[in-house]
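Secondary and tertiary structure notes
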Amino acid sequence: EKARNALCRFPLKNVRGVPLMEPIAQNFEAIWAFCPDPSDLLIATYPKAVTLHILFRTGTTWTQEIVDLLLHNGDAEACKRAPTAVRIPFLEIHSPPPIPSGLDLLGTMSPPRVIKTHLPIQLVPEGFWENKCKVIYVARNAKDNMVSYYHFDRMNKTQPEPGPWEGYIHKFMKGELGWGSWYDHVKGYWEEKEKRNILYLFFEDMKENPEREIKRIMKYLDLTLSDDVISHIVELTSFKVMKENPMANYTFIPKPIFDHSISPFMRKGEVGDWVNHFSASQSQLFDEDYEKQMKKANIPFRTNI
Ligand code: A3P
């Protein structure tokens with residue numbers, strides 16, 4: 001009931017040129033002042049790129065689950081201690097209950113913590129860089145990322161209405177969605193990855209060979225786990241298993257906020273689903289614009305595997 005009363009699709013407000021959900025924008029000074037411990041790990045993504053617990057359809061949730069399991073030596077029960085959003089605070093989030101506010105939750109936990117963010121690199125609090133925290137970034141190809149974000153905006157009642165698909169494509173290209181431009185986001189972290197020791201991963205690589213990518217994360221975290229434990233983590237973090245795991249599939253969030261009957265949080269988890277959404281002319285328009293925006297970037301994205 002409390003959640004229902006607090007419910008609204010928040011408008012976006014610009015923070016240093018980046019559109020963010022209004023409660024995040026209002027609270028930004030406190031977020032910017034957050035100072036992590038050097039042992040804290042940040043998982044950063046544009047929404048829907050598979051977060052370790054980041055909120056933006058790029059595999060954040062997936063990465064979060066992998067990292068949590070790696071840190072607990074593959075102990076599935078330990079990783080069911082609470083929903084992802086509680087195990088791995090979402091730094092900037094300021095949503096209606098039961099989604100806990102990121103800063104409040106961080107205040108109750110002691111380091112080392114795993115923290116999720118969707119903030120573009122220039123809005124990540126400077127303490128993360130000053131303290132040389134480890135940062136894992138996960139990127140997903142623009143078309144699949146946008147499809148996933150679109151369905152997420154339909155089911156997540158705290159985000160602005162996505163409106164029709166055709167218009168959504170234009171909003172995405174112009175960087176008008178929450179957390180701003182996908183193009184600037186993926187480029188921002190890419191350009192800094194060496195200098196700031198960021199592990200830059202691709203959703204498509206994780207789908208192609210999860211074992212290889214999980215081992216890369218393990219090495220980056222200076223962990224050594226047996227091959228058996230790694231295989232177990234591959235299994236536990238497969239789309240099928242995570243979709244059924246109530247501690248990873250976001251079903252703990254009440255229907256007035258996340259309406260899984262419109263589109264489940266764990267929707268398809270595939271590479272190349274964009275072909276089922278883009279018409280030929282939309283795809284051409286998108287590709288032409290992509291060339292312009294990504295020309296100098298040279299980031300090896302794949303739209304199918
Ligand atoms: P789809 O909408 O294409 O299914 P985020 O966690 O950043 O919000 O990203 C969500 C996207 O990651 C969704 O994409 C979701 O299905 C996908 N995802 C989550 N866990 C996954 C897993 N274990 N394997 C593959 N995809 C996963």
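Residues numbered from 1 in each chain as written. Predicted model: local features only at pLDDT ≥ 70, side-chain atom pairs only at ≥ 80, totals over all residues. Heavy atoms only, no water.

1. Observations concerning the nonpolar core
Using the following cut-off: Remark: nonpolar core denotes a set of buried residues (Ala, Val, Leu, Ile, Met, Phe, Trp, Tyr, Cys) joined through side-chain atoms within 4.5 Å. Here's how the labels work: a residue is buried when its accessible area is under 20% of the maximum for its type, exposed when over 50%, partly exposed in between, all with a 1.4 Å probe on protein chains only. Helix and strand definitions follow DSSP, with helices as H or I runs of at least four residues and strands as E runs of at least two, each counted in order from the N terminus. Note on contacts: a residue pair qualifies if any of its non-hydrogen atoms lie within 4.5 Å across the two residues.
Within the largest apolar cluster, 95 residues are counted, with the highest numbers of intra-cluster contacts made by Leu 70, Ile 136, Trp 182, Tyr 200, Phe 286 and Phe 301. If one sorts the elements of this core by residue count, helix α8 (residues 142–155) sits on top with 7 residues. Contact partners of Leu 70, with chain neighbours within four places excluded, come to Ile 214, Ile 217, Met 218, Leu 221, Leu 223, Leu 225, Ile 230 and Ile 233.

2. Thoughts on the sheet that holds strand β6 (residues 114–117)
Backbone hydrogen bonds hold the strands of a sheet together, and the pairing may be parallel or antiparallel. Note the following rule: Strand pairing is defined by DSSP finding a minimum of two bridges between the two strands. A fitted line through C-alpha atoms serves as each axis, taken over the contacting stretch for helices, and the angle formed by two N-to-C directions is quoted from 0 to 180°.
Taking strand neighbours across the sheet as the criterion, the 4 strands line up as β6-β3-β7-β8 in an open arrangement whose pairing is parallel. Two strands lie at the open edges of the sheet, namely β6 and β8 (198–202), each paired on one side alone. For this sheet, the mean angle separating the axes of adjacent strands, direction not counted, is 20°. Sheet topology note: the strand β3 (residues 41–45)/β6 ladder contains 4 bridges and is parallel. Counted as the bridge partner of Ala 44 is Thr 117 from β6. Contacts between helix α4 (residues 60–71) and the sheet are confined to β3, β6 and β7 (134–139), with β3 contributing the most and set at about 160° to the helix.

3. Here we look at the environment of Thr 84
Position of Thr 84 among the secondary structure elements: in helix α5 (residues 84–87). The buried category is assigned to Thr 84, whose relative accessible area is 2%. Separated by 37 residues in sequence, Thr 84 and Ile 121 place their C-alpha atoms 23 Å apart.

4. Quick notes on helix α9 (residues 165–174)
Definition in use: Our arc is simply the arc of the directions from the helix axis toward the C-beta atoms.
For α9, every residue scored as buried is listed here: Trp 165, Tyr 168, Ile 169, Phe 172 and Met 173. All buried residues of α9 project into a common sector of 135° when viewed along the axis, lining one side. Among the structural elements, α8, α10 (182–192) and α15 (280–294) are those in contact with the buried residues of α9. Note on α9: the residue one or two positions beyond its end, Gly 175, has a positive phi of about 75°.

5. Some words on the packing of α8 against α15
The cut-off we apply is this: Should an angle lie under 35 degrees it is considered roughly parallel, over 145 roughly antiparallel, and from 65 to 115 roughly perpendicular; all remaining angles are considered oblique. Should the near helix be turned anticlockwise from the far one by less than a right angle, the crossing is termed left-handed; should it be turned clockwise, right-handed.
With their axes 12 Å apart at the nearest point, α8 and α15 run at an angle of 120° to one another. When the axes of α8 and α15 are compared, the pair comes out oblique. The handedness of the crossing between α8 and α15 comes out as right-handed. For the pair α8 and α15, the contacting residues are Ala 142, Lys 143 and Met 146 in the first and Ser 283, Phe 286, Asp 287 and Tyr 290 in the second.

6. Here we look at the packing of aromatic side chains
What counts is decided by this rule: Any Phe, Tyr or Trp ring, taking Trp's six-membered ring, that has another such ring centre within 6.5 Å forms a pair; planes under 30 degrees apart are called stacked, those over 60 apart edge-to-face, and the others tilted. We call a charge positioned above a ring when the Lys NZ or Arg CZ atom is no farther than 6 Å from the ring centre and deviates by at most 35 degrees from the ring normal.
In this structure the tally under the stated criterion is 31 aromatic pairs. Positioned above the aromatic ring of Phe 203, the side-chain terminus of Arg 140 is 3.8 Å from the ring centre. One Lys or Arg, Lys 143, reaches over the ring of Trp 274 and ends 3.9 Å from the middle of that ring.

7. Concerning the pattern of salt bridges
To keep things clear, this is the line we draw: What makes a salt bridge here is a side-chain nitrogen of Lys or Arg within 4 Å of a carboxyl oxygen of Asp or Glu, nothing more.
By the definition in use, this model includes 20 salt bridges. Residues Glu 194 and Lys 193 are paired through a salt bridge, measuring 3.0 Å at the closest nitrogen-oxygen approach. Between Glu 213 and Arg 212 there is a salt bridge, and its shortest N-O distance comes to 2.8 Å. Accessibility expressed as a relative area gives 35% for Arg 212, which makes it partly exposed. Members of the salt-bridge network, linked through shared partners, are Asp 205, Glu 208, Arg 212, Glu 213, Arg 216 and Arg 302.

8. A look at the packing of α10 against α15
Heads up, the condition is: Only Asp, Glu, Lys and Arg are considered charged in this grouping, and only Ala, Val, Leu, Ile, Met, Phe, Trp, Tyr, Cys and Pro are considered nonpolar; every other residue, Gly among them, is considered polar.
Contact pair α10 / α15: the axes reach a minimum separation of 11 Å and the direction vectors enclose 35°. Once α10 is placed against α15, the crossing between them reads as right-handed. Here α10 contributes Trp 182, Tyr 183, Val 186 and Lys 187 to the contact with α15, which in turn contributes Phe 286, Asp 289, Tyr 290, Gln 293 and Met 294. When the residues that make up the contact of α10 with α15 are grouped by side-chain class, the tally is 6 nonpolar, 1 polar and 2 charged.

9. Comments concerning the pairing of strand β2 (residues 18–21)
Inspection of the sheet shows strand β1 (residues 12–15) paired to β2 by 4 bridges, in the antiparallel sense. Bridge assignment links Asn 14 to a residue of β2, and that residue is Pro 19. Linkage of β1 to β2, two consecutive antiparallel strands, is achieved through a turn of 2 residues, within which Arg 16 is found at a positive phi near 45°.

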